[in-house]
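Overview (structure and organization)
What follows is each chain in one-letter form.
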Amino acid sequence: MSTAPPPQFPAGFRWGVSTSAYQIEGAATEDGRGRSVWDTFAHTPGRIADGSTGDVACDHYHRHAEDVALLAGLGVSAYRFSVAWPRVQPDGSGAVNPAGLDFYERLVDDLLARGIDPVATLFHWDLPQRLEDAGGWLARDTAHRFAEYADLVAARLGDRVKLWITLNEPFIHMSLGHGTGKHAPGRTLLFDAFPAAHHQLLGHGLAVAALRARSGSPVAIANNYSPVRVVGDTGADVAAGAAYEALHNRLFTDPLLGRGYPEELGFDQTPVRAGDLDTIAAPLDVLGVNYYNPTGVRAAADDSPLPFELVPLEGYPRTAFDWPVVPDGLRELLGWLHRTYGAALPPVQITESGCAYDDAPDAEGRVPDPHRIAYLDGHLRALRAALDDGVDVRGYFVWSLLDNWEWAEGFTKRFGLVHVDFATQARTPKSSYAWLREVIAASRRGPDR
Ligand code: PNW
């Protein structure tokens, strides 16, 4: 870690932390909540590394007041949470569960009372199981159901949520949820998962219109990006890098920013109907960027069904997830977005950035996490460099406030600024929490240090 003071950011820069509903809320069967694909998946033996489920998770549904106090103590200007669709509409369409909307209204009002901007993600992968039973995101109708749900949430909270995020990481939901089956709903369609991409994007576009009709707040989507590092120097390696870039970084962003789907991927365009691309390209106020690490890519072996092979990047420190720590990748990525999309690129907010380490309390009950401090310090310096390069970045959200239920990894990966003892639900701010609090406070004071 650099010993220089952390860099300064412009006045009005949005400091935040992010979470998602299924990863923290628990209370899976309370107050009328319906089942989601993640309830089904987590309760299927063999799917989750430690056999756990999100039934209780961080028990945030009952401890939200304590968690909002932790946000206030950190001094963030914004909090990104997600609304669980099956809490609001247990069957994914039709009847509304008033207790679900009441919960998010209490949370939003509590945040506002503390001077924290509520940033609401409408879909962070927890599709109502009833909709999955009717085809899920492979069915076009799900896009219309999503817009109906967005309208319901905005009708209640449209005057108080300060930034809407329609979808979280539709690429991961398509690829891991519908391509490889590592995530819910566990489909293994490989490249035939494209309809799940198109229908998510169509749902996004329809939801943008619904949100604009109900709320004056800006609208965004949160995509994950990974700068591509070609490993090898043959023409085939370079071509493989370009193919992976089209899949991971452009499949969703090209159509969102008015360019249509990248043709070189050769996806069957049957699900794309007249007018869909215009709906999807509805202007965005902000592009949410989730960044974790770059990806090493080289040409695949001749007998591979894929046009590329992913290879671990050597020579970097690694997190507990075995992801390489590459802060410069953030600057590289933002430069790539800036060059690739030019004037079509909306202002950016980093909607997720963070790392998992095996953090545990020491003999004094403190939780030192110097690796996370070094990680965040490096990424903030890279972000500052990207601003100096001319990229318009308006904020930085850390994943995550709390150690939480990390999808297929269960409770084995701790991403929090706050340690959670899952046996007692005790929350203990880690040393990174105190560090970030000082960075935010210093940034607010301005450059006279
Ligand atoms: C994101 N991958 O997920 C999600 O938005 C969060 O809910 C999650 O907790 C966080 O990143 C940390 O994983 C990802 O395998 C899940 O490349 C998997 C991958 C990337 C992002």
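Not measured: the values here are computed from a predicted model.

1. Focus: the overall build of the chain
Along its length, the chain carries 15 helices and 13 strands. For the chain, the C-alpha radius of gyration of 21 Å lies close to 22 Å, the compact-globule estimate for 449 residues. Summarising its shape, the C-alpha atoms of the chain cover approximately 55 × 55 × 45 Å along the three principal directions. Looking at the 449 residues of the chain, the share that counts as buried comes to 60%. Here the contacts in the chain between residues at least 6 apart in sequence split such that 77% fall between residues at least 24 apart. Of the roughly 16400 Å² that the chain leaves accessible, carbon and sulfur atoms contribute 52%. Separation between the mean location of the 40 positive side-chain charges and that of the 57 negative ones in the chain comes to 4 Å.

2. Let's talk about the site of the ligand
In the vicinity of the ligand there are 14 residues, among which Gln23, His124, Glu352, Glu406 and Trp407 approach most closely. Considered on its own, the ligand offers 450 Å² of accessible surface; in the complex 85% of this is hidden by protein.

3. Observations regarding helix H14 (residues 370-388)
Look at H14: 27 Å from first C-alpha to last across 19 residues, which is about the 27 Å you get at 1.5 Å a residue. The positive-phi residue at the C-terminal boundary of H14 is Gly390, with phi of around 105°.

4. A look at the UniProt feature "binding site: substrate" (unreviewed entry) in the chain
Taking the numbering used here, the UniProt-annotated feature "binding site: substrate" (unreviewed entry) corresponds to Gln23, His124, Asn168, Tyr292, Trp399, Glu406 and Trp407. Mapped onto the fold, Glu406 is located in the loop between strand S11 (393-399) and strand S12 (418-421). The class for Glu406 is buried, based on a relative accessible area of 9%. In contact with Glu406, not counting residues within four places along its chain, are Gln23, Phe321, Trp399, Lys413 and Phe415. Position of Trp407 relative to the elements: it lies in the loop between S11 and S12. Residue classification places Trp407 among the buried residues on the basis of a relative accessible area of 3%. One polar contact links Trp407 to Gln23, side chain to side chain, over a distance of 3.3 Å.

5. What to know about the environment of Gly296
When you line up the elements, Gly296 lands in strand S8 (residues 295-298). According to the relative accessible area criterion, Gly296 is buried, its value standing at 2%. Sequence-wise, Gly296 and Val391 are 95 residues apart; in three dimensions their C-alpha atoms are separated by 24 Å. Each residue touching Gly296, except ones within four places of it in the same chain, is listed here: Arg229, Val231, Glu309, Leu310, Val311 and Leu313.

6. Quick look at the nonpolar core
Core analysis: the biggest nonpolar cluster contains 124 residues, and Trp38, Trp164, Leu251, Leu334, Leu337 and Leu383 have the highest contact counts within it. Setting aside residues no more than four positions away along its own chain, Leu383 makes contact with Phe9, Phe13, Leu330, Leu334, Ile350, Val393 and Tyr396. If you look at the next biggest cluster of nonpolar residues, it comprises eight residues, including Ala78, Leu163, Val286 and Phe397.

7. Digging into a nonpolar patch on the surface
Together, Leu190, Phe191 and Leu306 make up an exposed nonpolar region whose accessible area comes to about 260 Å². Within the secondary structure, Leu306 sits in the loop between S8 and strand S9 (309-311). On the accessibility criterion, Leu306 (34% relative accessible area) is partly exposed.

8. Let's talk about the UniProt feature "active site" (unreviewed entry) in the chain
Cross-referencing UniProt, the feature "active site" (unreviewed entry) maps to Glu169 and Glu352 in the present numbering. Separation in sequence by 184 residues is not matched in space for these annotated residues, since their most distant C-alpha atoms are only 10.4 Å apart. We classify Glu169 as buried; its relative accessible area is 6%. Counting through the fold element by element, Glu352 comes out in strand S10 (residues 348-352). By relative accessible area, which is 4% here, Glu352 ends up buried. Once you skip the residues sitting within four places of it in the chain, Glu352 turns out to touch Ser18, Arg80, His124, Asn168, Glu169, Val289, Asn290, Tyr291, Tyr292, Phe397 and Trp399.

9. Re the side chain of His198
With respect to the secondary-structure elements, His198 resides in helix H9 (residues 194-214). Not counting residues within four places of it along the chain, the set of residues in contact with His198 comprises Arg140, Tyr261, Pro271, Val272, Arg273, Asp276 and Ile280.

10. With respect to the pattern of salt bridges
Applying the stated criterion across every chain, the model contains 36 salt bridges. Asp39 is the salt-bridge partner of Arg33, the closest N and O atoms lying 3.1 Å from each other. A relative accessible area of 10% means that Arg33 is categorised as buried. On the accessibility criterion, Asp39 (5% relative accessible area) is buried.

11. Concerning the sheet that holds S9
Spatial ordering of the open sheet is given by S6-S8-S9, a layout of three strands whose pairing is mixed. The two strands at the open ends of the sheet, each matched to only one other strand, are strand S6 (228-230) and S9. Averaged over all pairs of adjacent strands, the angle between strand axes in this sheet comes to 45°, irrespective of strand direction. Of the strand pairs in this sheet, S8 and S9 are connected by three bridges, and their pairing is antiparallel. Residue pairing across strands places Gly296 opposite Val311, the latter belonging to S9. Those strands touched by helix H10 (residues 235-250) are S6, S8 and S9, and its axis lies near 170° from that of S6.

Reading guide: rules and limits
- Residues numbered from 1 in each chain as written.
- Predicted model: local features only at pLDDT ≥ 70, side-chain atom pairs only at ≥ 80, totals over all residues.
- Heavy atoms only, no water.
- Helix = DSSP H or I, 4+ residues; strand = E, 2+ residues; numbered from the N terminus.
- Rg over C-alpha atoms; globule rule 2.2 N^0.38 Å.
- Buried < 20%, exposed > 50% of the residue type's maximum accessible area, 1.4 Å probe, protein only.
- Contact = heavy atoms within 4.5 Å.
- Areas by Shrake-Rupley, 256 points an atom, 1.4 Å probe, with all protein chains shown as cover.
- Lys, Arg positive; Asp, Glu negative; His and termini not counted.
- Charge placed at Lys NZ, Arg CZ, Asp CG, Glu CD.
- Near = heavy atom within 4 Å.
- Expected span 1.5 Å × (residues − 1).
- UniProt positions renumbered as here; feature names shortened; annotations may be inferred.
- Polar contact = N/O pair within 3.5 Å; in protein donor to acceptor, adjacent residues only side chain to side chain.
- Core = buried A, V, L, I, M, F, W, Y, C linked by side-chain atoms within 4.5 Å.
- Patch = residues over 30% accessible without salt bridge, like charges linked within 9 Å, V, L, I, M, F, W, Y side chains within 5 Å.
- Salt bridge = Lys/Arg side-chain N within 4 Å of Asp/Glu carboxyl O.
- Pairing = 2+ DSSP bridges.
- Axes fitted to C-alpha atoms, helices over the stretch in contact; angles between N-to-C directions.

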